[in-house]
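Residue-level structural notes
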Amino acid sequence: MHTYNAWFAAQDDPAERYPLTDVVYYSQSGGLLEVRHDLDALRDRSAEEWKRLFEQRWMRTNWPYGSGVWGKKEWVCPTVADENVVSMFEGGTNLFWAERFGREVGVEDLWLKLCGNSHTGSFKDLGMTVLVSVVKQMISDGKPIRAVACASTGDTSAALAAYGAAAGIPTIVFLPKGKVSTAQLVQPIAHGATVLSLDTDFDGCMRIVREVTADPNNGIYLANSLNSLRVEGQKTVGIEIVQQLDWTVPDWIIIPGGNLGNTFALGKGLLLMHELGLINRLPRIVCAQAQNANPLYRAFCNNWDYAPIQAHTTAASAIQIGDPVSVRRAITMLQHFNGIVEQASEQELADAAARADRTGAYACPHTGVALAALIKLAKRGTIAKNDRVVVISTAHGLKFSRFKVDYHESQLAEVVSHHANPPLELPADVDAVRRALHLAL
Ligand SMILES: *Cc1c(COP(=O)(O)O)cnc(C)c1O
């Protein structure tokens, strides 16, 4: 009955196909591969039947379907055996109405999707569970894989190290020295990964890991998002948002973008829902970039004419990327969704995060970039007052404590801390405390 199938296909030639368990990253012409699904097989269930199935599985304990990702296994990676799934109950993160912040910025139907409330503290878990599960499948099929490797701006390596450790698969991470947060650095260390701290930036790490993994005979498998297995898991974020909004489509979804695999993945999940009839319209997508690392924003302003740039330091370190791997497919996807690219300066992203924190959020700098984009688009009237907007919060604020501390101590580069709230240092004296409270309130 339900024999669902998926495979790698060359983006420029869908007839060029490989099994998902082949060690292959590029098509013959050197382009990226994409995971394709047998849509005819998926049509054996009606839209209503899919919704019912997904609802039945949502956040339950029936292995592995309680995971937000594996609850949609047929749409994600039907070819992995259940016993090879490596899952830590990723997905299913809270989507909540950000009432107070929305009111303050003039968008009353504003929702935050807190993807950072996940095992390793970022939305990278969504894709890594799929990639590591396929690797476990490959190993159980007898493929000679010794380790899995990635270059990372921090969160990918944390996710790879955790899922690799859960499966007992060795991991190697390439990090740009001094450019990831302490919390991000200590995660792969704690999980026993081989941590290589290189004196370069992310783009430099990416070049080296590509070379190290290029020879399929050395048994080191590449886990970066140019490996489209990760996109399959990441694409569930858009599907989840619609599900959590009772299967209705918001007007806008805003996502911060660096390597742009996630901008592509967000669109891919929504398109699959559309194709299978679960939704009958599409949201507009906004990709938000840091002004200091804005190659996509520049392309958007230049009729989508893209050129790589040298990325400069930004507090939004996970998106400090000048030459995004998925730029072409992200542009195609954004065009499909009538998309927009917006940017945020260090000042704008830090103030947006701080304002959101004042309303009870705890925004990481990347979420700050997305919130700053929201504020600008709302002010400009591009996003209307009554539009329903979902902002994807990509990492947990607690992974970026240095950013918060520096902001509130007015130490953040390029930033005047308009909303700083430093602690009041006082002698242990009741009168001094009374005076201070009188002033504070
Ligand atoms: C990876 C990441 C992003 C951006 O995703 P891309 O696919 O690289 O565009 C944004 N925020 C955080 C916290 C991330 O870890």
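Residues numbered from 1 in each chain as written. Predicted model: local features only at pLDDT ≥ 70, side-chain atom pairs only at ≥ 80, totals over all residues. Heavy atoms only, no water.

Mapped onto this numbering, the UniProt entry annotates "modified residue: N6-(pyridoxal phosphate)lysine" (unreviewed entry) at Lys 124. With respect to the helices, strands and loops of the structure, Lys 124 is situated in helix 5 (residues 124–140). Discounting chain neighbours no more than four positions away, the residues touching Lys 124 are Asp 155, Thr 156, Ala 159, Arg 230, Gln 234 and Asn 262. (UniProt positions renumbered as here; feature names shortened; annotations may be inferred. Helix = DSSP H or I, 4+ residues; strand = E, 2+ residues; numbered from the N terminus. Contact = heavy atoms within 4.5 Å.)

So, about the packing of helix 14 (residues 346–358) against helix 16 (residues 401–408). It is at 11 Å that the axes of helix 14 and helix 16 come closest, and there the two elements cross at 95°. Considering their axes alone, helix 14 and helix 16 lie roughly perpendicular with respect to each other. Between helix 14 and helix 16, the residues in contact are Leu 349, Ala 350, Asp 351, Ala 353, Ala 354 and Asp 357 and Phe 403, Lys 404 and Tyr 407, respectively. In the contact of helix 14 with helix 16, the residues fall into six nonpolar, no polar and three charged. (Axes fitted to C-alpha atoms, helices over the stretch in contact; angles between N-to-C directions. Parallel < 35°, antiparallel > 145°, perpendicular 65-115°, else oblique. Nonpolar A, V, L, I, M, F, W, Y, C, P; charged D, E, K, R; others polar.)

Their axes nearest at 8 Å, the elements helix 6 (residues 155–167) and helix 7 (residues 182–190) cross at an angle of 25°. Taken together, the axes of helix 6 and helix 7 are roughly parallel relative to one another. In terms of crossing hand, the pair formed by helix 6 and helix 7 is left-handed. Here Asp 155, Ser 157, Ala 158 and Ala 161 of helix 6 come into contact with helix 7, specifically with Gln 184, Gln 187 and Pro 188. For the contact of helix 6 with helix 7, a count of residues per class yields three nonpolar, three polar and one charged. (Left-handed = near helix turned anticlockwise from the far one by under 90°.)

The strand order 4-5-13-10-11-12 describes an open sheet built from six strands, whose pairing is mixed. Taken across any chain shown, the strands that pair with only one partner, and hence form the sheet edges, are strand 4 (95–97) and strand 12 (340–344). Neighbour-to-neighbour, the strand axes of the sheet open up by a mean angle of 25°, direction not taken into account. Sheet analysis places strand 11 (residues 284–290) next to strand 12, joined by five bridges and oriented parallel. The partner of Val 286 across the bridge, within strand 12, is Ile 340. Sheet contacts for helix 11 (residues 261–275): strand 10 (252–256), strand 11 and strand 13 (388–393); angle to strand 10, the most-contacted strand, approximately 150°. Across the face of the sheet, helix 15 (residues 365–380) comes into contact with strand 5 (109–114), strand 10, strand 11, strand 12 and strand 13 while running at roughly 110° to strand 12. (Pairing = 2+ DSSP bridges.)

What follows is about the site of the ligand. Around the ligand, the surrounding shell holds 15 residues, and the nearest of these are Lys 124, Asp 155, Gly 258, Asn 262 and Thr 394. One of the side-chain nitrogen or oxygen atoms of Thr 394 is found 2.8 Å away from a nitrogen atom of the ligand. Protein chains bury 97% of the 380 Å² of accessible surface belonging to the ligand in isolation. Split by residue class, the shell around the ligand holds six nonpolar, seven polar and two charged. (Near = heavy atom within 4 Å. Polar contact = N/O pair within 3.5 Å; in protein donor to acceptor, adjacent residues only side chain to side chain. Areas by Shrake-Rupley, 256 points an atom, 1.4 Å probe, with all protein chains shown as cover.)

With that settled, consider the sheet that holds strand 6 (residues 147–151). Judged by pairing direction, the sheet is parallel, and its four strands sit side by side in the order 8-7-6-9 without closing on themselves. Edge strands, defined here as strands with exactly one partner in the open sheet, are strand 8 (194–198) and strand 9 (220–222). Strand after strand, the sheet turns through a mean of 25° between neighbouring axes, direction not considered. The pairing of strand 7 (residues 171–176) with strand 8 spans five bridges and is classified as parallel. Along strand 8, the bridge assignment pairs Phe 174 with Leu 196. Strands strand 6 and strand 9 of the sheet are contacted by helix 5, whose axis makes an angle of about 145° with strand 9. Contacts between helix 6 and the sheet are confined to strand 6 and strand 7, with strand 7 contributing the most and set at about 165° to the helix.

Next up on the list: the pattern of salt bridges. Here the idea is simple: oppositely charged side chains can pair when their charged atoms come close. In the structure shown here, the tally under the stated rule is 18 salt bridges. In this structure, Asp 357 and Lys 404 form a salt bridge, with 2.5 Å as the shortest nitrogen-oxygen distance. With a gap of 47 residues between them, Asp 357 in helix 14 and Lys 404 in helix 16 connect regions that are remote in the sequence. Across the pair, exposure class does not vary: Asp 357 and Lys 404 are buried alike. Put simply, Arg 402 and Asp 406 hold a salt bridge, and the shortest N to O gap is 3.0 Å. With Arg 402 and Asp 406 both in helix 16 and four residues apart, the pair spans about one turn of that helix. Of the residues examined, Arg 402 reaches a relative accessible area of 55% and is grouped as exposed. Via salt bridges that share partners, Glu 342, Glu 348, Lys 376 and Arg 380 belong to a single interconnected network. (Salt bridge = Lys/Arg side-chain N within 4 Å of Asp/Glu carboxyl O. Buried < 20%, exposed > 50% of the residue type's maximum accessible area, 1.4 Å probe, protein only.)

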